Amino acid sequence: MKHLRTLVMALLLVLVLSACAASAGGGAPDAGGTPMEKNPDYADTAVPDAPVPPESGANEHSHTPCQENNIVEHEEAGYCGNTVTTVSWETGMDGESRKVSFWYDDSVALTDLLLYLDYSGEVCTCLPEYSVDTEFGAGYGVSLTGGFARHNGGQVSLTAEQTEEIRAILDRQGAN
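In this report, we go over the structure that sits alongside the text. (Residues numbered from 1 in each chain as written. Predicted model: local features only at pLDDT ≥ 70, side-chain atom pairs only at ≥ 80, totals over all residues. Heavy atoms only, no water.)

### Re unusual backbone geometry
Selection criterion: Numbering of helices and strands runs from the N terminus, with a helix taken as a DSSP run of H or I at least four residues long and a strand as a DSSP run of E at least two residues long. Relative accessibility under 20% of the residue-type maximum defines a buried residue, over 50% an exposed one, and the middle range a partly exposed one, all with a 1.4 Å probe and only protein chains included.
Here Tyr104, not a glycine, exhibits a phi torsion of approximately 65°, which is positive. Secondary-structure assignment places Tyr104 in helix α2 (residues 104-115). Backbone geometry at Asn152 places phi at a positive 50°, although glycine is not the residue there. Here Asn152 lies in the loop between β5 (148-151) and β6 (154-157). By relative accessible area, which is 24% here, Asn152 ends up partly exposed.

This is the structure:
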């Protein structure tokens, strides 16, 4: 009887968490994980698989923090604390890939920030340091040194405050 009660409680917990996650999205995402109405004119922009050698001259540009509003208009979203975010990155010389997943406030904050950025800018050849997957979009590229994020073939410059917020979240979650 005790095992049956535990099984029922576990099933109820799974149902509650599933319903919470389903209701938090505010609509079905497209294949890229962002709301379809956000970028109806999506055009794929190829991003290089490897850094462009400095001698090619292709990386002779610099990134500056965004000084204006870089967030698209959107309705207020509600999230559950069980929103999962996964961040992956390669470490120093060994090139080993690392990954961390986290929930609660940091997950909600990073999800909300990345979901509503205006990714209408052109993609440069610089490579992001982090790959971020959220429940509402996968394959976000984030560069803290360059201060940009990219997704769905577009890129956006981050404000200094956004870069610091992301850095603080990643530091708290051990993604450094």
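Having put the structure on the table, let's press on.
### Some words on helix α3 (residues 160-172)
To keep things clear, this is the line we draw: Residue count minus one, scaled by 1.5 Å, sets the expected span of a helix. Relevant arc is that of directions from the helix axis to the C-beta atoms, nothing else.
Between its first and last C-alpha, α3 extends 18 Å over 13 residues, near the 18 Å set by a 1.5 Å rise per residue. Considered for burial, the residues of α3 that qualify are Gln162, Thr163, Ile166, Ile169 and Leu170. Taken down its axis, α3 places every buried residue within 130° of arc, on the same side. Turned more than 90 degrees off the buried face of α3, the exposed positions are Glu161 and Arg172. Of the residues one or two after α3, Gly174 is the one with positive phi, at around 80°.

### Things to note about the side chain of Ser107
Here is the rule: Here a polar contact is recorded for every N or O atom pair within 3.5 Å, except that within protein the pair must consist of a potential hydrogen donor and a potential acceptor, and residues adjacent in sequence are included only if both atoms are side-chain atoms.
Structurally, Ser107 is set in helix α2. There is a polar contact of 2.7 Å between the side chain of Ser107 and the side chain of Thr85.

### Section: the pattern of salt bridges
The cut-off we apply is this: The salt bridge definition used is simple: a Lys or Arg side-chain nitrogen within 4 Å of an Asp or Glu carboxyl oxygen.
Using the criterion set out here, one finds 3 salt bridges in the structure. Measuring nitrogen to oxygen at the nearest pair gives 2.7 Å for the salt bridge that ties Arg98 to Glu96. In this structure Arg98 comes out as partly exposed when scored by relative accessible area, which is 33%. Linking Arg167 and Glu164 is a salt bridge whose minimum nitrogen-to-oxygen distance equals 3.3 Å. Of this pair, Arg167 and Glu164 both sit in helix α3, 3 residues apart, which is roughly one turn of that helix.

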